[in-house]
Amino acid sequence: MWLYLIIFFIPVLFYYNGSAIRQKQTIFLACFLFFLAVFVGISDMLGGYDRYIYGEVFDTIADITTRKGNYITSGSFLFFNGEYGYSLLNILISFITENRYIFILAITIIIYLCLFLSLKKYAENYPFALILFLGLWFFFSFTYLRQVLGATIVWLSIQYIIDRKLWKFLAVMFIGFSMHNSAIIFLPMYFIPIKKYSPKTIIGIALILVVIGASPLPNILFQFYGDAAVIERNNEYNASGGLRIAYILESFLFLYFIIRYYKTISETKQNLVLLNMAIMFCFILIFFIRSENGGRLSWYYIFGIITTLTHICCQKKRSHHHLPIIFMGVCLFLFIRVYNGWQFYLNLYPYKTFLTDGFRKGDYSWERYEYDHNYDHDKFYRALFRLNFNFNGLKNNGD
């Protein structure tokens, strides 16, 4: 646990020990996110079920690459129904490595690179934004690789929402959608008018969504969404369970502070787009209050929460001095809550990298999902790096 707490308190220390100029030092943001990418990427299957199934699919595709097989006839593009971008990414990486650990590391680095580009552009205080990221989303980057990748990609389209460039927005959206079909939920963001809506309107919509969320309607919508991720559990988006009190508390907590300090949010186009993203995050959480994992659909808007709360909390106003402490406490609570809640399934402790052979005793995920026990004894028994491109076919006969 202490290892993870140290990670959490690094940006806290930078927040309290840095000048206003240092709070936006790109070098700190880049180094810390690179460290997180490596920390997550080299962990030994700490993502549980999802990492094992992604690893198995990649190994299968890498085997096709090794024997120079046909990806189409082998059904490689059917592993992820309609998500051909992710299948293509698997194929491209398989030309570099056939090892699942290097594959997962590569995907993780891409995720954190996209996150870096967005935070660098839109966050007003890097340490505080990182604190919010750690509390709200960090642990999900261990396991839900495709959906997290899709979210960080669509955030690259925010500038095109601000600039009203529809085709460029749709191009980036398509890439995110091709990684995980759930990214389609970000599409309406472009068509939300860029303006401040009255607090009464926001509260009214939130209350209406509570009623709708408690009804069977979300479950009906899930029937259309259920096949978006063919390899994931069949019932993970089922919305017919009990009320998720955590969703209600989290969404209304954020809405309360956003509305409480609504007037302090400057009305630039950028801030308004991010503000509306934050409100959409809360609305989606409320709408899916009966879903065990439906809140994952709100992830595409969580960047709005991170940037908007950073904007509110880091203003140099006397009335705001208590806000950073409040949200650091909230994030620390959420951080510890997820860690404790996931300990059984993901076995986050003891932390182990793939740089050493063996496996963690008592690891529930390994016992149930390990598909290739050769990895138990030699993590690198499949090629780490290779370049097997065939350039001969590109040469002319006269060369």
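None of these values were measured; they are calculated from a predicted model.

Caption draft 1: Molecular detail of a nonpolar patch on the surface. Residues L113, L117 and L156 make up a contiguous nonpolar surface patch of about 240 Å² in total accessible area. Inspection of the secondary structure puts L117 in helix α5 (residues 100-122). Given the relative accessible area of 42%, L117 is considered partly exposed.

Caption draft 2: Structural detail: the nonpolar core. Y112, L119, F138, F139, W155, I158 and F186 are the most contacted members of the largest nonpolar core, which has 133 residues in total. Considering each element in turn, this core owes the most residues, 15 residues, to helix α13 (residues 269-287). Residue contacts for Y112: discarding those within four places in its chain leaves L33, L36, A37, V40, F133, F138 and S141.

Caption draft 3: Spatial organisation of the packing of aromatic side chains. In total, this model carries 46 aromatic pairs according to the counting rule given. Consider the rings of F8 and F335, whose centres lie 5.2 Å apart with planes at 45 degrees: the pair is tilted. Linking F8 in helix α1 (residues 2-16) with F335 in helix α15 (residues 323-346), this pair joins segments that are 327 residues apart in sequence. When sorted by exposure, F8 lands in the same class as F335, which is buried. Note on Y49 and Y369: the rings are 5.0 Å apart at their centroids and 70 degrees apart in plane angle, and the pair reads as edge-to-face. Note that Y49 is positioned in helix α3 (residues 49-66) and Y369 in helix α16 (residues 364-369), a separation of 320 residues in sequence. A cation over an aromatic ring shows up here: R146 above the ring of Y86, its NZ or CZ 5.7 Å from the ring centre.

Here is what the cut-offs are and how they apply
Residues numbered from 1 in each chain as written. Predicted model: local features only at pLDDT ≥ 70, side-chain atom pairs only at ≥ 80, totals over all residues. Heavy atoms only, no water. Patch = residues over 30% accessible without salt bridge, like charges linked within 9 Å, V, L, I, M, F, W, Y side chains within 5 Å. Areas by Shrake-Rupley, 256 points an atom, 1.4 Å probe, with all protein chains shown as cover. Salt bridge = Lys/Arg side-chain N within 4 Å of Asp/Glu carboxyl O. Helix = DSSP H or I, 4+ residues; strand = E, 2+ residues; numbered from the N terminus. Buried < 20%, exposed > 50% of the residue type's maximum accessible area, 1.4 Å probe, protein only. Core = buried A, V, L, I, M, F, W, Y, C linked by side-chain atoms within 4.5 Å. Contact = heavy atoms within 4.5 Å. Phe/Tyr/Trp six-rings, centres within 6.5 Å; stacked < 30°, edge-to-face > 60°. Lys NZ or Arg CZ within 6 Å of the ring centre and 35° of its normal.

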